[in-house]
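Single-letter residue listing:
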Amino acid sequence: MKTIVTTAYRPNGKTDELAAKAAADLLLPFVSRRKRSIGKIHLEEGADVLVAAKERLEFYPQGKTEPFFFHPNSSAFRTKRPIVQDPLIEVSGLAPGDTFIDCTLGMASDAIVASMHTGAAGRVIGCESHAVLAYVVAEGLKEYSAMPHLTESMRRIEVIPGKAVDILRNMPGKSADVVYMDPMFTETIQEATNFSPLRPAADAGQLDWTWVEEAKRVAKKSVVLKAHFRSEDFERFGFSRRVRPNTKFHYGVIDCTIE
Ligand SMILES: C[S@@+](CC[C@H](N)C(=O)[O-])C[C@H]1O[C@@H](n2cnc3c(N)ncnc32)[C@H](O)[C@@H]1O
């Protein structure tokens, strides 16, 4: 899908600069806004639109007039509770100082929770195959400052654009502690995040054996899958399902310490 970069409706020096940088970083064309609505730009340019707004980057996939932008979402409240009780931390066995690979970064909420727990001595790498989403989230992780308790954890996350399986393939064996995957659900659930505008554009690819095998090769402690509670991927790929009563999603774990 083609994407163009433009500025806010009323551009200024800052939005011009931000747009020029995004266009150069992503090797995308810059198109002057000329006071056009997003809908009009979608039609005239036949492209998704990345807007350099005053405080942030906003992404409008074609047909969407609500933007996708970076926000810590669920990590904002998950990191206010004892982090060792967070279900992802509990099931993965992640510990301070560990390396966590998030194969499906999305909004980075899970990566932020992991980064808060692994701490300054740890490492969190987030893979995201949608290049524009990866960029919007990477910039947000660098710039967002409205929640000071998350700042350090966000700044530490390393974003790598690309398919997780290709990124894992380039990593040495047993070079991470936990490898995590949270592919798009095949069943739509009610979501309280600003991910909705991105849903049609995000990578909807599902787990396959190569991805699972690469994850097992790289992980020392565990490979963790998050999926809809009706998903059969847990059993299909050998994850032991951790049932969470009354929730729409479950985690599954492959224990890599016993193989
Ligand atoms: C359900 S969201 C992940 C949400 C994320 N766990 C969070 O906390 O915000 C899935 C994301 O992974 C991306 N994705 C899906 N398959 C991928 C793959 N094979 N490699 C890299 N990214 C992938 C999608 O584009 C989407 O942004």
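Position numbers for residues count from 1 along each chain, tracking the sequence in the order it is written. Note on the predicted model: pLDDT of at least 70 is required for a residue's local features to be given, and 80 or more for side-chain atom pairs to be given and counted; whole-chain, interface and lining totals, by contrast, use all residues. Hydrogens are left out, water is left out, and the side-chain values use all remaining heavy atoms of the structure.

Under an unreviewed UniProt entry, the name given to the chain is Class I SAM-dependent methyltransferase, and the source organism is Planococcus chinensis.

Caption draft 1: Spatial organisation of unusual backbone geometry. Of note in this structure, Arg34 is not a glycine but carries a positive phi near 45 degrees. Put simply, DSSP H or I for four residues or longer makes a helix, DSSP E for two residues or longer makes a strand, and each gets a number counted from the N terminus. With respect to the helices, strands and loops of the structure, Arg34 is situated in the loop between α1 (13-26) and α2 (38-45). Note on Arg34: relative accessible area 55%, which makes it exposed. At Asn73, a position not held by glycine, the phi torsion is positive, near 50 degrees. Working definition: with a 1.4 Å probe on protein chains only, accessible area under 20% of the residue-type maximum means buried, over 50% means exposed, and in between means partly exposed. Note on Asn73: relative accessible area 12%, which makes it buried.

Caption draft 2: Representation of the site of the ligand. Around the ligand sit 22 residues, and of these Asp110, Glu128, Ala164, Asp182 and Asp203 come closest. Contacts described as polar in this section are N or O atom pairs within 3.5 Å, which, within protein, must combine one atom able to donate a hydrogen with one able to accept it, while residues neighboring in sequence count only if both atoms come from side chains. Between a nitrogen atom of the ligand and a main-chain N or O atom of Cys103, the distance comes to 3.4 Å. A distance of 2.7 Å separates a nitrogen atom of the ligand from a polar side-chain atom of Asp182. Computed with a 1.4 Å probe, the accessible areas rest on the Shrake-Rupley method; for each residue, only the protein chains presented here act as cover. Protein contact buries 92% of the 610 Å² of open area that the ligand shows by itself. Mapped by element, the contributors of at least two residues to the shell around the ligand are α5 (109-118) and β5 (123-128). In this count, Pro and Cys sit with the nonpolar residues alongside Ala, Val, Leu, Ile, Met, Phe, Trp and Tyr, while Asp, Glu, Lys and Arg are called charged and the others, Gly among them, polar. Tallied by class, residues from the shell around the ligand come to 12 nonpolar, 5 polar and 5 charged. Residues are counted as near a molecule or strand when any one of their heavy atoms sits within 4 Å of it.

Caption draft 3: The packing of α1 against helix α6 (residues 131-143), seen in detail. Only C-alpha atoms enter the line fits that serve as axes; for helices the fit covers just the stretch in contact. Angles between N-to-C directions range over 0 to 180 degrees. α6 packs onto α1 with a crossing angle of 130 degrees between their chain directions and a minimal axis gap of 11 Å. What the angle tells us is that α1 and α6 run oblique. The crossing of α1 and α6 is right-handed. Residue-level inspection shows Lys21, Ala22, Asp25 and Leu26 of α1 in contact with α6, the latter providing Ala131, Tyr135 and Glu139. Class assignment of the residues belonging to the contact of α1 with α6 gives a composition of 4 nonpolar, no polar and 3 charged. Put simply, angles under 35 degrees are roughly parallel, angles over 145 are roughly antiparallel, angles from 65 to 115 are roughly perpendicular, and the rest are oblique. In a left-handed crossing the near helix is turned counterclockwise from the far helix by less than a right angle, and in a right-handed crossing that turn is clockwise. Throughout, a residue-residue contact means that at least one pair of heavy atoms, one from each residue, lies within 4.5 Å.

Caption draft 4: Geometry of the sheet that holds strand β3 (residues 57-60). Across the sheet, which stays open at both edges, the 3 strands sit in the order β1-β2-β3 with mixed pairing between neighbours. Of all the strands in the sheet, just β1 (3-7) and β3 have a single pairing partner and so form its edges. Neighbour to neighbour, the strand axes of the sheet diverge by 20 degrees on average, direction disregarded. Two strands pair if DSSP finds at least two bridges between them. Across 4 bridges, the pairing between strand β2 (residues 48-52) and β3 is antiparallel. From the neighbouring strand, Val51 faces β3, where its bridge partner is Glu58. Its contacts with the sheet place α1 against β1, β2 and β3, and it is angled at close to 160 degrees to β1. Packed on one face of the sheet, α2 meets β1, β2 and β3 and runs near 130 degrees to β2.

Caption draft 5: Summary view of the domain arrangement of the chain. Split by domain assignment, the chain resolves into domain 1 (3-60) and domain 2 (75-258). A C-alpha centroid distance of 29 Å is found between domain 1 and domain 2. The interface is formed by 9 residues belonging to domain 1 together with 7 residues belonging to domain 2. Once two parts are joined, some of their accessible surface, as seen by a 1.4 Å probe, is lost; buried area is that loss totalled over both. Interface area, domain 1 with domain 2, both sides summed: about 710 Å², of which 79% is carbon and sulfur. Each reported salt bridge corresponds to a side-chain nitrogen of Lys or Arg within 4 Å of a carboxyl oxygen of Asp or Glu. At the junction of domain 1 with domain 2, the criterion picks out 0 salt bridges. Our count for the domain 1 to domain 2 interface comes out at 1 residue pair in polar contact (both at pLDDT 80 or more). Those elements giving two or more residues to the side of domain 1 that touches domain 2 turn out to be α1 and β3. Reported domain spans reflect what an automatic or database domain assignment gives.

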